[in-house]
Structures are given as C-alpha cells and as structure tokens.
Amino acid sequence: MNMHTYRTIWISDLHLGSTQCQADVLLDFLKYNESEKLYLVGDIIDFWALSKKTHWPRDHNTVIQKILRKARHGTQVIYIPGNHDENVRQYDNYVFGDIVVKNSDRHTAHDGKQFLVVHGDEYDTIATCHKWLAKLGSEGYDFLIWINRFLRIVRRWLGMQSNFSLAAFVKFKVKNVVQFISDYEESIVGTLRDGGLDGVICGHIHHAEIKEIDGFLYINTGDFVESCTAIVEHMNGTLELVKWRKIESAPAHDETLEVNVHG
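Note that the coordinates shown come from a computational prediction; the quantities given were computed from them, not determined experimentally.

**Description of unusual backbone geometry**
Positive phi, normally seen in glycine, also occurs at H206, with a value near 55°. Along the polypeptide, H206 turns up in the loop between β8 (199-202) and β9 (209-213). Classification of H206 as buried rests on a relative accessible area of 11%. Phi at C228 is positive, roughly 55°, even though this residue is not glycine.

**Considering a nonpolar patch on the surface**
Nonpolar side chains collect at one region of the surface, where Y91, Y94 and F96 lie side by side and expose about 310 Å² of accessible area between them. Its place among the elements puts Y91 in the loop between β3 (76-79) and β4 (95-96).

**Considerations on the confidence of the model for the protein chain**
Of all residues in the protein chain, 73% attain a pLDDT of 70 or more, and the chain-wide mean is 82. Low confidence marks residues 126-138, where pLDDT is under 50. Its contacts with residues over four positions away, or in another chain, come to 16 contacts. Low confidence marks residues 254-263, where pLDDT is under 50. Its contacts with residues over four positions away, or in another chain, come to 32 contacts.

**Points about helix α1 (residues 23-32)**
Of all ten residues in α1, eight are buried, a share of seventy percent or more. Those residues of α1 that fall on the buried side of the exposure criterion are A23, V25, L26, L27, D28, F29, L30 and Y32. Tucked inside the fold, the buried residues of α1 contact β1 (4-11), β2 (33-40), α3 (58-72) and β11 (229-233).

**Points about the pattern of salt bridges**
Throughout the structure, instances matching the rule amount to nine salt bridges. Of the charged contacts in the structure, one is a salt bridge between K70 and E34, with a shortest N-O distance of 3.2 Å. One end of the pair, K70, is in helix α3; the other, E34, is in strand β2, and 36 residues separate them in sequence. In this structure, K211 engages E185 in a salt bridge whose closest nitrogen and oxygen atoms are separated by 2.6 Å. You can see K211 sitting in strand β9 and its partner E185 sitting in helix α7 (residues 175-192), a full 26 residues away along the chain. On the basis of relative accessibility, which here comes to 28%, the residue K211 falls in the partly exposed class. Note on E185: relative accessible area 5%, which makes it buried. Put simply, R89, D121 and E122 are held in one network by salt bridges that share partners.

**Section: α3**
Given 3.6 residues per turn, any residue in an α-helix points the same way as the ones three and four places further on. Compared with an ideal rise of 1.5 Å per residue, which puts 15 residues at 21 Å, α3 spans 21 Å between its outermost C-alpha atoms and is within 8% of the ideal. For α3, every residue scored as buried is listed here: H60, V63, I67, K70 and A71. Buried residues of α3, viewed axially, fall in a sector of 105°; they line one side. Of the exposed residues in α3, the ones pointing more than 90 degrees away from its buried face are R58 and R72. Where α3 is buried, its residues meet α1, β2, β3 and β5 (99-101).

**Some points on the sheet that holds strand β7 (residues 114-117)**
Pairing within the open sheet is mixed, and its five strands lie in the order β6-β7-β8-β10-β9. Each edge of the sheet is formed by a strand with only one pairing partner; in this case those strands are β6 (105-108) and β9. Across the sheet, the mean angle separating the axes of adjacent strands is 20° when strand polarity is ignored. Two elements, β8 and strand β10 (residues 216-220), share four bridges in a ladder whose sense is parallel. Across the sheet, C202 pairs through a bridge with N220, a residue of β10.

Rules used in this analysis
- Residues numbered from 1 in each chain as written.
- Predicted model: local features only at pLDDT ≥ 70, side-chain atom pairs only at ≥ 80, totals over all residues.
- Heavy atoms only, no water.
- Helix = DSSP H or I, 4+ residues; strand = E, 2+ residues; numbered from the N terminus.
- Buried < 20%, exposed > 50% of the residue type's maximum accessible area, 1.4 Å probe, protein only.
- Patch = residues over 30% accessible without salt bridge, like charges linked within 9 Å, V, L, I, M, F, W, Y side chains within 5 Å.
- Areas by Shrake-Rupley, 256 points an atom, 1.4 Å probe, with all protein chains shown as cover.
- Salt bridge = Lys/Arg side-chain N within 4 Å of Asp/Glu carboxyl O.
- pLDDT = per-residue confidence, 0-100.
- Contact = heavy atoms within 4.5 Å.
- Expected span 1.5 Å × (residues − 1).
- Arc of directions from axis to C-beta.
- Pairing = 2+ DSSP bridges.
- Axes fitted to C-alpha atoms, helices over the stretch in contact; angles between N-to-C directions.

Pasting the structure below:
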C-alpha cells in the first residue's frame, strides 16, 4: 500500500480510553497517511469514559506515540479539545511534546480561503445547556455501538455485509435525530457565516459531511468510533472526505468536493 501525502488532515472523535474506539483502524490510517499539518479536532481522549472505567489498552497508547512521532518529525500537529476532553481547554496555546493546544484555529487553504476549525460542541444546545442529557445520550450511543459488534458477527456468519452500523441506521431512521443533525448544521453555519470565513471544519456529532449551506462550506470530520472518517486537503487544495478501512481492503474515497481552494 502506497503512502498518501496531503497538505492537511483533520480527524476527530477518536475517543481513546473508550471501549468503542477503533484504535486498530486509526493506527492503520496514521500509518499510511502523512500531512504537513494534522488537526486533532476534539474528543481525542474520552475522559467521560475513563471517569467511569479505566480502559487504556496498548494500541491506545500506540496511537498517542504515533501522533507524537509525527510531530517530532515535522508534522504541525494542532489539538483542539472537545467536550469529552474539555479539561484540556484550560491549556489554550500551550505546547506539549511539539503538539499545540488551541481551543479553535483558523486554517488558511491553498488559495487563502479561511476555515474555522473547532470541535463544535459550542454550537450544540444540548451539550452546552443540558450536559447531563448529553452524557445520557453518549451512554445510549455507546450501547448501540456495543450491540453493533454482535450484529456484525451475525451478519458476517450469514454472509451479509458486515460493516453495517446500527448507530448510523438509528440516526437516519429516527426523525428527531435527523432533525438534531440538521439543527446543529444550521446553528453552526448561521453563527459563523457572517464572520469573514469561507467555511467551518468541525466534529462532535459523529456524522461526516462536506456540503455548502447558503454559500458557506460546512465540513464535518466524522469519527473513529463508528464510521472511521477523516477530511483531507490535497496539495492542490481539493478537500475530500475519506472513509478508511484497514489495508486488507483499499480505503474508500467516497466523496470529493471541489471547492476551488486552488483558485
């Protein structure tokens, strides 16, 4: 498998320290993808999960070591904390092991277009106003992911497609959840659209997306719990949503959006 080299990579919602983290897929992604700049867009370490149960297997530690190694070898790594690792926000503008912590950042694309990079929980009314409800929802999501492990085994045994996601199925079948995603996107775009920006790159809701809303580019990195997605900027400025599968099968580049960041 050839190494992919990009101008910028954005990943978020790794949830290291949670039993739901797909660290093996994440390590595979980090192994085969390099970039000049790497954004860690929040919920990198899941302190919510760690507060309930200590879970830190070897491959979670290897993820941290691999990111630190990238930083030492010249990759500009920027860590933007989320709500699951919000205690890191007090270290805004600190540098730890060549990794810069920023609560938000403004990324300049190839042609000078400006993108705000932020985790995104700040624009989620449930996360900001009803933290207890957000934690309850997080536990319900974890339960769906846990059930999904067994469903994948059964589907594989029956000869069916094994990468079925129960959580994703629920997201798109439950009307209120679909409405929440739509409201979240409109909230973040409505807040930022008139701020001299061309777009926003965020995470938080575990729903990867590249789309324009009223002339404003909304980009969501997705997660490495369920969908294993990342956003990449090619050297010519093209932005792409990458769905990564371990290298037994090739990565799926499912959605590319030309946004003319290369002029």
